[in-house]
Every structure is written in C-alpha cells, then in structure tokens.
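Listed here are the chains, written in short residue letters.
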Amino acid sequence: MYTGSFNSISITKTSPTVHTLKGVPIEAEAVAMLKVADSLEGIARYAEQFLNKDQDEIDEEITEVLAANLRAILAKLTVEDINNDRESFNQQVTEIAQK
C-alpha cells in the first residue's frame, strides 16, 4: 500500500508465512519509509528503475523487493532473535533495503 509522495513513501507489508531458522512458522508486518536519495546518483537510479512506470507498478515493485528481503532476513533468525534483538533485526533490514 502506497501513502505519501515521492518525498517520502510509506509501505506496509505483511509477509506470507515464513519459517525461521529453527523451522517455526511466523508472519510479520513491516512498515518501510522510503525516500529517493537527494543526490545525483540517487535520482539517476530512481529514473533508471522507474521511468515510464505508473504509480501502481512502482508500488508493486518496491513492495515485492521489500517483501523478499524481509522473508530472507526472517528465515535466517530464530523467533528469540527477532523478539529479543529488534535493533539488530531493524539494522539488517535497513542495510539490505538501502542497497
């Protein structure tokens, strides 16, 4: 779901059931705040990826990339890691998302 403008995009995504490192099935809801980098490189990357796409296509593409990254991170952790070390979890999501 897209809310906002290109200055700031907020996306909420609920993952499908993902199995953690120890095989525990979980579902997670994530909220991502996105912004196009205000550098020439950031603007060029945005244009390269999204030029000539309508807003629905952009939203879908961003959501799918974030969902895939969320699933990959959840699958590498235990439920205890997710619950007890949220700062590390958030940091992993941020690092992957920034790339």
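Residues numbered from 1 in each chain as written. Predicted model: local features only at pLDDT ≥ 70, side-chain atom pairs only at ≥ 80, totals over all residues. Heavy atoms only, no water.

Looking at this structure, I do not really get the confidence of the model for the protein. What am I missing?
Reading predicted coordinates in detail is not appropriate for stretches of low pLDDT. Per-residue pLDDT for the protein has a mean of 81; in total, 90% of the residues score no lower than 70. Per-residue pLDDT, averaged within each element of the protein, yields its smallest value for strand β1 (residues 2-5) (41) and its largest for strand β4 (residues 25-26) (92). Scored below 50 in pLDDT, residues 1-5 shows 10 contacts in the model against residues more than four places distant or in partner chains. (pLDDT = per-residue confidence, 0-100. Helix = DSSP H or I, 4+ residues; strand = E, 2+ residues; numbered from the N terminus. Contact = heavy atoms within 4.5 Å.)

Help me understand the packing of aromatic side chains in this model?
How two aromatic rings sit relative to each other is set out by the distance from centre to centre and by the angle between their planes. One pass over the structure, following the stated rule, counts one aromatic pair. Measuring from centroid to centroid gives 5.0 Å for Tyr46 and Phe50, while their planes differ by 50 degrees, and the two rings are tilted. With Tyr46 and Phe50 both in helix α1 (residues 40-50), this residue pair falls four residues apart, about one helical turn. (Phe/Tyr/Trp six-rings, centres within 6.5 Å; stacked < 30°, edge-to-face > 60°.)

What is the right way to look at the pattern of salt bridges in this model?
Opposite charge on two side chains permits pairing when their charged atoms draw close. Taken as a whole, this structure holds two salt bridges when the rule is applied. Here Arg45 ties to Glu41 by a salt bridge, and the two come within 2.8 Å at their closest N and O atoms. Of this pair, Arg45 and Glu41 both sit in helix α1, separated by four residues, roughly a single helical turn. Glu41 sits in the exposed class, given a relative accessible area of 51%. For Lys53, the salt bridge goes to Glu61, with nearest N and O atoms at 2.6 Å. Given a relative accessible area of 32%, Glu61 falls into the partly exposed group. (Salt bridge = Lys/Arg side-chain N within 4 Å of Asp/Glu carboxyl O. Buried < 20%, exposed > 50% of the residue type's maximum accessible area, 1.4 Å probe, protein only.)

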